[in-house]
Amino acid sequence: MDWHRELSYALSRATSHERHSRKLGQLKTSLANLLLHNHCLLCGASASALLCSPCIEELPLNTNSCQRCDLPLVNGVLCGECLTRSPSFERAICAFEYNATISHLINRLKHRNTPSVGHFLADFLAEKIRLEIAQIGALDLLVPVPLYWRDQRRRGYNQAAVITAQLSQKLQIPVIHALSKPRPRAHQQQLSRAQRLRDIRGVFTTTETLSGVHVGLVDDVITTGATVEAISSQLIAAGAASVTVFALARTPKDR
Ligand SMILES: [Zn+2]
Ligand SMILES: [Zn+2]
């Protein structure tokens with residue numbers, strides 16, 4: 001963005017409309033956006049992107065992980081769960097290992113109406129997918145994990161859909177909103193794993209035909225993997241040829 005030109009334009013507009021507080025409000029917003037784009041979101045140093053180069057270097061790329069579900073591993077090829085029972089999806093690909101920095105950035109995306117954070121992080125995920133695409137095989141459609149409609153109205157957007165749109169643009173794969181979430185789930189933390197799986201079942205319903213389609217299912221963070229596993233099984237049951245899961249980050253097992 002040519003911010004110098006935007007700034008002088010905004011200032012010239014402000015001179016001719018300075019009595020109109022609405023215009024000044026808009027000017028304040030655009031100046032805030034301009035300043036935001038020139039300072040690292042994490043450390044405040046000047047930056048040409050959303051983060052400065054040293055902070056980008058520090059981002060925890062998820063490199064040592066289970067070949068199937070992308071769970072961060074200290075060693076080994078498959079995690080204990082994938083060795084015992086294969087998930088219904090082919091692979092999961094997650095750009096980052098979830099830590100305090102990633103949590104901070106994703107919270108910004110979710111609660112502070114900053115979709116640019118989603119675009120920025122999704123570019124790392126698109127790059128990882130591009131490197132793995134020969135192994136994954138071509139995908140026909142990307143499907144975002146839905147957000148209960150009431151959450152979406154409060155937040156203004158579904159963060160998984162923001163990530164999906166960016167992946168679609170970078171990888172040239174179309175998006176379909178094939179899932180809906182008709183009722184809110186019980187509070188996850190208070191449930192056992194078995195209860196959580198029972199609770200998730202039936203929440204997501206496919207609203208489009210996916211017969212024979214290779215689907216990329218997109219979420220922001222994979223925590224236990226129960227949600228994406230439940231949705232993936234439903235997509236397979238609905239006729240999908242395969243499901244590959246994509247997420248910005250994967251939580252390590254001990255958290
Ligand atoms: Zn920084
Ligand atoms: Zn695994």
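Being a predicted model, the structure only gives us computed values, none of them experimental.

Cut-offs applied
- Residues numbered from 1 in each chain as written.
- Chains lettered and ligands numbered in written order.
- Predicted model: local features only at pLDDT ≥ 70, side-chain atom pairs only at ≥ 80, totals over all residues.
- Helix = DSSP H or I, 4+ residues; strand = E, 2+ residues; numbered from the N terminus.
- Buried ≥ 20, exposed ≤ 12 C-beta atoms within 10 Å, placed from the backbone.
- Contact = placed C-beta atoms within 7 Å.
- Core = buried A, V, L, I, M, F, W, Y, C linked by C-beta atoms within 7 Å.
- Pairing = 2+ DSSP bridges.
- Axes fitted to C-alpha atoms, helices over the stretch in contact; angles between N-to-C directions.
- Parallel < 35°, antiparallel > 145°, perpendicular 65-115°, else oblique.
- Nonpolar A, V, L, I, M, F, W, Y, C, P; charged D, E, K, R; others polar.
- Expected span 1.5 Å × (residues − 1).
- Arc of directions from axis to C-beta.
- Left-handed = near helix turned anticlockwise from the far one by under 90°.

1. What to know about the overall build of the protein
Here's step 1: Regarding its fold elements, the protein presents 10 helices and six strands.
Here's step 2: For the protein, the proportion of its 255 residues judged to be buried stands at 30%.
Here's step 3: Long-range contacts, defined here as pairs at least 24 residues apart, represent 70% of the contacts in the protein between residues at least 6 apart.

2. Examining the nonpolar core
Here's step 1: Core analysis: the biggest nonpolar cluster contains 49 residues, and Cys94, Leu217, Val218, Phe246 and Leu248 have the highest contact counts within it.
Here's step 2: Counting only elements with at least two residues in this core, the list comes to β1 (91–97), α5 (100–111), α6 (115–136), β2 (141–144), α8 (159–171), β5 (214–222), α10 (226–237) and β6 (242–250).
Here's step 3: With six residues, β6 is the single largest residue contributor to this core.
Here's step 4: Residues contacting Leu248, with those up to four places away along its chain left out, are Cys94, Ala95, Phe96, Ile106, Leu121, Ala122, Leu125, Ile163, Asp220 and Val221.

3. Here's the deal with the pairing of β6
Here's step 1: Of all nine residues that make up β6, nine are buried, and the element is covered over most of its length.
Here's step 2: Pairing of β1 with β6, which is carried by six bridges, proceeds in the parallel orientation. Each residue of the ladder has a partner; that of Cys94, found in β6, is Ala247.
Here's step 3: Note that β5 and β6 share eight bridges and pair parallel.

4. Details of the packing of α5 against α6
Here's step 1: The interhelical angle for the contact between α5 and α6, taken along N-to-C directions, is 135 degrees, at an axis separation of 7 Å. By the angle between their directions, the pair α5 and α6 is classed as oblique. In contact with Leu105, Arg108 and Leu109 of α5, α6 contributes Pro115, Val117, Gly118 and Leu121.
Here's step 2: Residue classes in the contact of α5 with α6 are distributed as five nonpolar, one polar and one charged.

5. As for the environment of Val213
Here's step 1: On the secondary structure map, Val213 appears in the loop between β4 (205–206) and β5.
Here's step 2: Ignoring sequence-local partners within four residues, the contact set of Val213 consists of Asp140, Leu141, Ala240 and Ala241.

6. A closer look at the sheet that holds β6
Here's step 1: The strand order across the open sheet formed by four strands is β1-β6-β5-β2, and the pairing between neighbours is parallel. The open sheet is flanked by β1 and β2, the only strands paired with a single partner. Adjacent strand axes in the sheet meet at a mean angle of 20 degrees when their direction is disregarded.
Here's step 2: Across four bridges, β2 lies against β5 in parallel orientation. From the neighbouring strand, Val143 faces β5, where its bridge partner is Leu217.
Here's step 3: The strands touched by α6 are β1 and β6; relative to β1, the strand with the most contacts, the crossing angle is about 145 degrees.

7. Comments concerning unusual backbone geometry
Here's step 1: Even without being a glycine, Asp70 presents a positive backbone phi close to 65 degrees.
Here's step 2: You can see Asp70 is positioned in the loop between α3 (53–58) and α4 (80–84).
Here's step 3: The residue Gln172 is not glycine, and still its phi comes out positive at about 60 degrees.
Here's step 4: With respect to the element layout, Gln172 can be found in the loop between α8 and β3 (179–180).

8. Let's talk about α5
Here's step 1: Between its first and last C-alpha, α5 extends 16 Å over 12 residues, near the 16 Å set by a 1.5 Å rise per residue.
Here's step 2: Looking at α5, one finds that the buried residues are Ile102, Leu105, Ile106, Leu109 and Lys110. Seen from one end, α5 has its buried residues packed into an arc of 135 degrees, which puts them on one side. Away from the buried face of α5 by more than 90 degrees, exposed residues Ala100, His104, Asn107 and His111 are located.
Here's step 3: Looking one or two residues beyond α5, the residue adopting positive phi is Asn113, at roughly 50 degrees.

9. Some thoughts on the packing of α6 against α8
Here's step 1: At their nearest, the axes of α6 and α8 sit 8 Å apart, and the two run at 50 degrees to each other. Regarding the angle of α6 to α8, the classification is oblique. For the crossing formed where α6 meets α8, the hand is right-handed. Seen from α6, the contacting residues are Pro115, Gly118, His119, Ala122, Asp123, Leu125, Ala126, Ile129 and Arg130; seen from α8, they are Gln159, Val162, Ile163, Gln166, Leu167, Lys170 and Leu171.
Here's step 2: Looking at the contact of α6 with α8 residue by residue, the classes come out as nine nonpolar, four polar and three charged.

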